[in-house]
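Examining the three-dimensional arrangement
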Amino acid sequence: MKTSFFPILPFLLISLFKPLTCLSAQGEKIVVRIAIADDREEVQLALKGKYKMYDINLNKIIMEGPYMNAKVRATKDAGLQFGKKEIKSDGVKIKVARDSNIYVDNRRFRGDIDIIRKENSKLMVINHIGLDDYLYGVLYHEVSHRWPIESIKAQAIAARTFALYQALQNRNKPYDLRSDIYSQVYGGRTSEKWSTTRAVNLTKGKVLAHNGELLPAYYHATCGGHTEDASNLWKIDLPPLDGVRCNFCVHSPHYKWVKEIPLWKVEKNLSDNGYKTGSISSCRIVSRNKFGRVDKLQIKDDTGMSVLLTGKDFRQIIGPNDIRSTKFEAAVKRGNLVVEGFGWGHGVGMCQWGAFGMSRRGKRAEEILKFYYPGAEITSIDKV
Ligand SMILES: [Zn+2]
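This is a predicted model, so every value here is computed, not measured.

**Let's talk about the coordination of the zinc ion**
Taken together, Cys 223 (SG), Cys 246 (SG), Cys 249 (SG) and Cys 351 (SG) make up the full set of protein donors to the zinc ion, lying 2.3 to 2.4 Å away. Of note is the zinc ion, whose four donor atoms meet at the metal with angles of 103 to 119° in an arrangement that counts as tetrahedral. Counting gaps between the donor residues of the zinc ion yields the pattern C-x22-C-x2-C-x101-C. Of this pair, Cys 249 sits in the loop between strand 14 (219–220) and strand 15 (256–262) while Cys 351 sits in strand 21 (residues 350–351), placing them 102 residues apart in sequence. In terms of burial, Cys 249 and Cys 351 fall into one category: buried.

Next comes the structure, spelled out in structure tokens:
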């Protein structure tokens with residue numbers, strides 16, 4: 001938090017228990033809740049500078065000081081343990097003074113930190129942080145900070161829109177976004193770079209909308225020639241999330257890839273997901289969608305039994321980092337499943353390497369976004 005610590009304590013106490021994601025009041029700082037650790041036996045917490053720790057349920061200070069460096073664990077009897085000190089609480093909120101720092105597992109974070117003991121006696125850590133402060137810690141993980149500024153600005157607007165959309169969707173859940181690839185990768189203050197911070201500041205308050213409503217602004221690394229209709233993957237059918245032909249990502253390192261996966265591993269992964277097979281003998285693409293992505297594929301074993309899978313399920317079962325997209329050919333060769341494909345990611349919305357290619361050709365952030373989200377408007381947060 002950029003405001004001073006102690007003078008605003010009354011406000012903080014009021015805000016502790018009100019919904020932390022709100023878009024209502026114009027000009028009010030929008031706070032998002034990021035799960036930065038989950039289902040953990042232990043986290044390393046370091047507080048360098050003045051801090052106050054509140055019981056999350058009782059709204060009461062239970063610890064304060066100038067410094068802490070401790071391993072945090074759940075105790076056996078419904079409490080939390082900070083180093084050797086035990087507290088009778090199943091959750092704490094930690095706030096630090098303006099010039100102090102919070103480190104969780106050696107990463108530095110802005111904002112407040114909640115450490116919550118879950119019913120399974122494991123820990124969840126949630127970072128409450130202003131939206132743009134959050135974006136400062138996201139962009140470095142999503143694009144290279146050495147890319148042209150217009151491509152980073154396009155990414156900032158897409159990431160801001162995506163975060164807000166998720167915050168609205170998850171209002172009644174314990175957090176809005178995760179800090180891993182399932183939401184947007186977020187590394188906290190440790191991940192901030194000069195150019196990515198500049199892109200967030202240059203696009204302040206700008207989001208993508210369609211018909212006045214916030215757009216679920218999905219994006220991905222590389223489309224491999226054509227982006228995908230969102231309606232092919234999820235229950236979303238919006239014109240800005242329809243596929244577009246992309247000639248801008250051909251120089252991406254992810255444009256074309258080959259992966260050889262041992263058949264025993266394919267058999268194991270299929271079996272782990274409820275698809276029992278014998279020794280796999282063939283793999284055939286049965287159908288593709290209009291953009292060339294695999295709709296269905298059939299895997300046969302040496303007894304003639306076969307399994308029919310969607311391309312999307314196949315990618316999840318084998319592993320989304322091995323099968324980088326659903327735009328691929330697959331064949332059984334010498335004990336391996338050989339998969340040759342194009343692009344990385346689900347393919348919906350902005351192609352990040354395509355945005356980079358467009359910016360290299362002099363296109364501005366607005367042009368990039370209007371190309372990948374056809375019919376979308378770039379508007380102010382206050383107007384959605
Ligand atoms: Zn592309």
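On we go.
**Things to note about the packing of aromatic side chains**
Throughout the structure, instances matching the rule amount to 12 aromatic pairs. Centre to centre, the rings of Phe 314 and Phe 328 are 5.6 Å apart; their planes meet at 40°, and the pair counts as tilted. You can see Phe 314 sitting in helix 7 (residues 311–318) and its partner Phe 328 sitting in strand 19 (residues 328–333), a full 14 residues away along the chain. Of the two residues, Phe 314 and Phe 328, neither departs from the other in class, the shared state being buried. Members of the aromatic cluster, joined through ring pairs, are Phe 162, Tyr 218, Tyr 219 and Trp 234. Over the aromatic face of Tyr 103 sits the side chain of Lys 48, whose NZ or CZ is 4.4 Å from the ring centroid. The lysine or arginine in question, Arg 324, covers the ring of Trp 344, its NZ or CZ lying 3.7 Å from the ring centre.

**As for the environment of Tyr 165**
Along the chain, the position of Tyr 165 falls in helix 4 (residues 149–169). Among all residues touching Tyr 165, those that are not within four sequence positions of it are Leu 214, Leu 215 and Pro 216.

**Concerning the pairing of strand 6 (residues 91–96)**
Summarising burial for strand 6: six of the six residues are buried, a large majority. Residues Gly 91, Lys 93 and Lys 95 point to one face of strand 6 and Val 92, Ile 94 and Val 96 to the other, with burial holding for every one of them. Bridge count for strand 2 (residues 42–55) against strand 6 is five bridges, and the pairing is antiparallel. Bridge pairing in strand 6 links Asp 55 to Val 92. Sheet analysis places strand 6 next to strand 9 (residues 112–117), joined by four bridges and oriented antiparallel. Along strand 9, the bridge assignment pairs Val 92 with Ile 115.

**Quick word on the side chain of Arg 117**
Summarising the element assignment, Arg 117 is placed in strand 9. Among buried Asp, Glu, Lys and Arg side chains, Arg 117 stands out as unpaired, with Asp 77 the closest opposite charge at 5.9 Å. Of the polar contacts made by the side chain of Arg 117, one reaches the backbone oxygen of Gly 79; its length is 2.8 Å. Look past the residues within four positions of Arg 117 in its chain and what remains in contact with it is Ala 74, Thr 75, Lys 76, Ala 78, Gly 79, Leu 80, Asp 90, Lys 122 and Leu 123.

**Points about the nonpolar core**
Across soluble globular proteins, nonpolar side chains have a tendency to be buried as a group. Of all hydrophobic cores here, the largest spans 82 residues; its most connected members are Leu 45, Phe 82, Ile 115, Tyr 134, Met 350, Tyr 372 and Tyr 373. When we break this core down by domain, the ones giving at least three residues each are domain 1 (6–131) and domain 2 (137–249 + 346–383).

Scoring rules and cut-offs
- Residues numbered from 1 in each chain as written.
- Predicted model: local features only at pLDDT ≥ 70, side-chain atom pairs only at ≥ 80, totals over all residues.
- Heavy atoms only, no water.
- Donors = N, O, S within 2.8 Å, 3.2 Å for Na, K, Ca; no water.
- Tetrahedral: all angles 85-135°; square planar, octahedral: opposite > 155°, others 65-115°.
- Helix = DSSP H or I, 4+ residues; strand = E, 2+ residues; numbered from the N terminus.
- Buried < 20%, exposed > 50% of the residue type's maximum accessible area, 1.4 Å probe, protein only.
- Phe/Tyr/Trp six-rings, centres within 6.5 Å; stacked < 30°, edge-to-face > 60°.
- Lys NZ or Arg CZ within 6 Å of the ring centre and 35° of its normal.
- Contact = heavy atoms within 4.5 Å.
- Pairing = 2+ DSSP bridges.
- Lys, Arg positive; Asp, Glu negative; His and termini not counted.
- Salt bridge = Lys/Arg side-chain N within 4 Å of Asp/Glu carboxyl O.
- Polar contact = N/O pair within 3.5 Å; in protein donor to acceptor, adjacent residues only side chain to side chain.
- Core = buried A, V, L, I, M, F, W, Y, C linked by side-chain atoms within 4.5 Å.
- Domains from an automatic or database assignment.

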